[in-house]
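A structural walkthrough
Residue-level listing of the chains:
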Amino acid sequence: MFKNRSFSLLLTGQSLADIGDILYIVSVISIIYRFTNSAIATSFVPFIITTCMLISSLLTPLITTKVSLNQLLTISQGFKTAVILGLALYVQWVGDQPMIGFVFLLIAMVAFLDGCANPIRQSLLPHYVEEKDLLRANSIAETVIQSIQVGSWFVGSSLLLLFTPSQLIWGVVVLFFMATLLLKLLPDVARMERPEKKKWVLFMQGWQSIHQTPVLKVAARMDLLESMAGAVWVAAILLVFVEEALQASSQWWGYLNGIFFIGMIIGSMICLKWTKFIERKKAMFISGGALLSAIFTLFFAVSITPLMALLCSLLIGLCGQLKNIPQQTIIQTSVSKEKLPTVYTSLN
């Protein structure tokens, strides 16, 4: 798979961007907390990021009619690099007296540019990978992404002991610049040609594709239910569960998060190891993974010891990934490549 130059460029470029994203979030949260000494101000960071990414993903279908997917990914990453460079220069310049409102504005700009990256990456894979290799490609991508999630948060927090947040942001500038150069080398994907339509029609195209494709309707309903159930995994609720139900220290909250991502990595590696078997049994793995995730979530809820909760968290991550990767492959092959960006933005 790594002999596929386009896939390797896409994966490496996005990996560098993902590492930079995590180091950037660690840095800005540290900067805001240091200058405001307020947990409330710090909590605005994930809220701003989520809101701006949502708005951006809604606008993505309009942009894909004007620019090809690989160019849009490169442009987005290039502008992110410029904004982060501006943030690094600003923090360096003002020192101990930053305008937090301006910092929030720059955070919003980065999040807006980042909002289209994930659906575009998912939509680009079928352009660069043959259909028979999609499950394997998704498995490799998910293994790398989840490994970055586990490693970068730990390393990013540790780096704050050695470097200032301002210095870390300069490191992010370098990572983003390298990611932009790699994404620039991606082969051109034909721009999506559509007849002139009203903007609201473009907004609805993804939902129309989902409505017209039975397998996508099932996937959308499953994702909706999982998103609603996922609200209980919000950090604040999980922290209370650890301290009140498990009677454990807050450190176990970090252990539960970490072991969950490790479970996802194991699930990705299983999909990578037994690609052909899972390819033939995609429906079984999707339904079985969802069912087992629900069962282990129930066991997690009634856990009476931290170790039992830790085991359940590992298995939830593992089973969830055994469902997600085949589901991702089915989505990518159920509609034409041209419709994938609008489908992914609707599902996201």
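Look above for the structure.
Residues numbered from 1 in each chain as written. Predicted model: local features only at pLDDT ≥ 70, side-chain atom pairs only at ≥ 80, totals over all residues. Heavy atoms only, no water.

**Quick look at the overall build of the protein**
Note the following rule: Secondary structure elements follow DSSP: runs of H or I of four or more residues count as helices, runs of E of two or more count as strands, with numbering from the N terminus. To sort residues, take the accessible area from a 1.4 Å probe on protein chains only and compare it with the maximum for the residue type: under 20% means buried, over 50% means exposed, and anything in between is partly exposed. By definition, residues are in contact when any of their heavy atoms lie within 4.5 Å. The method behind every accessible area is Shrake-Rupley, applied with a 1.4 Å probe, and residues are considered shielded solely by the protein chains displayed.
Looking only at helices and strands, one finds 15 helices and zero strands in the protein. Scored against the burial criterion, the 348 residues of the protein give a buried share of 49%. Taking all contacts inside the protein whose residues are at least 6 apart in sequence as the whole, residues at least 24 apart take part in 81%. Counting only carbon and sulfur atoms, one obtains 70% of the accessible surface of the protein, whose full area is about 17,500 Å².

**A few points about the nonpolar core**
The nonpolar side chains of a soluble globular protein tend to be buried with one another. For the record, the criterion: Here, nonpolar core means buried Ala, Val, Leu, Ile, Met, Phe, Trp, Tyr and Cys residues that are tied together by side-chain atoms lying within 4.5 Å of each other.
By size, the foremost hydrophobic cluster in this structure holds 34 residues, and its most contacted members are Tyr24, Ile32, Val45, Ile84, Leu87, Phe104 and Ile107. Considering every element that reaches this core, the biggest residue donor is helix 4 (residues 100-114), with nine residues. Discounting residues that sit within four places of it in the chain, Ile32 has contacts with Asn37, Ala41, Thr42, Val45, Val103, Phe104 and Ile107. Core analysis: the next-biggest nonpolar cluster, separate from the first, contains 22 residues, Ala117, Leu124, Tyr128 and Leu134 among them.

**Looking at the environment of Ser287**
Rule in force here: Side-chain atoms alone can form a polar contact between residues adjacent in sequence; in general such a contact is a pair of N or O atoms within 3.5 Å, and within protein one must be able to donate a hydrogen while the other accepts it.
Relative to the assigned elements, Ser287 resides in helix 13 (residues 282-301). Reaching out from Ser287, the side chain makes a polar contact with the backbone oxygen of Met284 at a distance of 3.3 Å.

**Overview of the packing of helix 13 against helix 14 (residues 306-334)**
For clarity, the cut-off: Geometry is summarised by axes, namely lines fitted to C-alpha atoms with helices restricted to the contacting stretch, and by angles between N-to-C directions that run from 0 to 180 degrees. What sets the label is the angle itself: under 35 degrees gives roughly parallel, over 145 gives roughly antiparallel, 65 to 115 gives roughly perpendicular, and the rest give oblique. Note: crossing handedness is left-handed where the near helix turns anticlockwise from the far helix by less than a right angle, and right-handed where it turns clockwise. Throughout this entry, Asp, Glu, Lys and Arg are counted as charged residues, while Ala, Val, Leu, Ile, Met, Phe, Trp, Tyr, Cys and Pro are counted as nonpolar. The remaining residues, Gly among them, count as polar.
Their axes nearest at 8 Å, the elements helix 13 and helix 14 cross at an angle of 155°. Here helix 13 is positioned roughly antiparallel relative to helix 14, judged by the angle of their axes. In this structure, the crossing between helix 13 and helix 14 has a hand that is left-handed. Partitioned by chemical class, the residues of the contact of helix 13 with helix 14 number 16 nonpolar, six polar and two charged.

**Description of the side chain of Gln328**
The residue Gln328 is located in helix 14 in this model. Gln328 gets classed as buried once you look at its relative accessible area, which sits at 13%. Not counting the four nearest positions on each side in its chain, Gln328 is found in contact with Gln122, Asn138 and Tyr344.

**Observations regarding a nonpolar patch on the surface**
Going by this rule: The residues that make up patches have over 30% relative accessible area and no salt bridge, and they are joined within 9 Å when like-charged or within 5 Å when they are Val, Leu, Ile, Met, Phe, Trp or Tyr. When a carboxyl oxygen of Asp or Glu lies within 4 Å of a side-chain nitrogen of Lys or Arg, that pair is called a salt bridge.
Residues Leu291, Leu292, Ile295, Leu298, Phe299 and Val302 make up a contiguous nonpolar surface patch of about 550 Å² in total accessible area. Within the secondary structure layout, Leu298 lies in helix 13. What makes Leu298 exposed here is its relative accessible area of 56%.

**With respect to the pattern of salt bridges**
One pass over the full model with this rule turns up five salt bridges. The partner of Asp114 in a salt bridge is Lys80, with the nearest N and O atoms 2.9 Å apart. Here Asp114 is found in helix 4, whereas its partner Lys80 is found in helix 3 (residues 69-94), with 34 residues between them in sequence. Both residues of the pair, Asp114 and Lys80, count as buried. A salt bridge links Lys132 to Asp133; the shortest N-O distance between them is 3.4 Å. With relative accessibility at 61%, the residue Lys132 sits in the exposed group. Among the charged side chains, a salt-bridge network with shared partners connects Asp21, Lys80 and Asp114.

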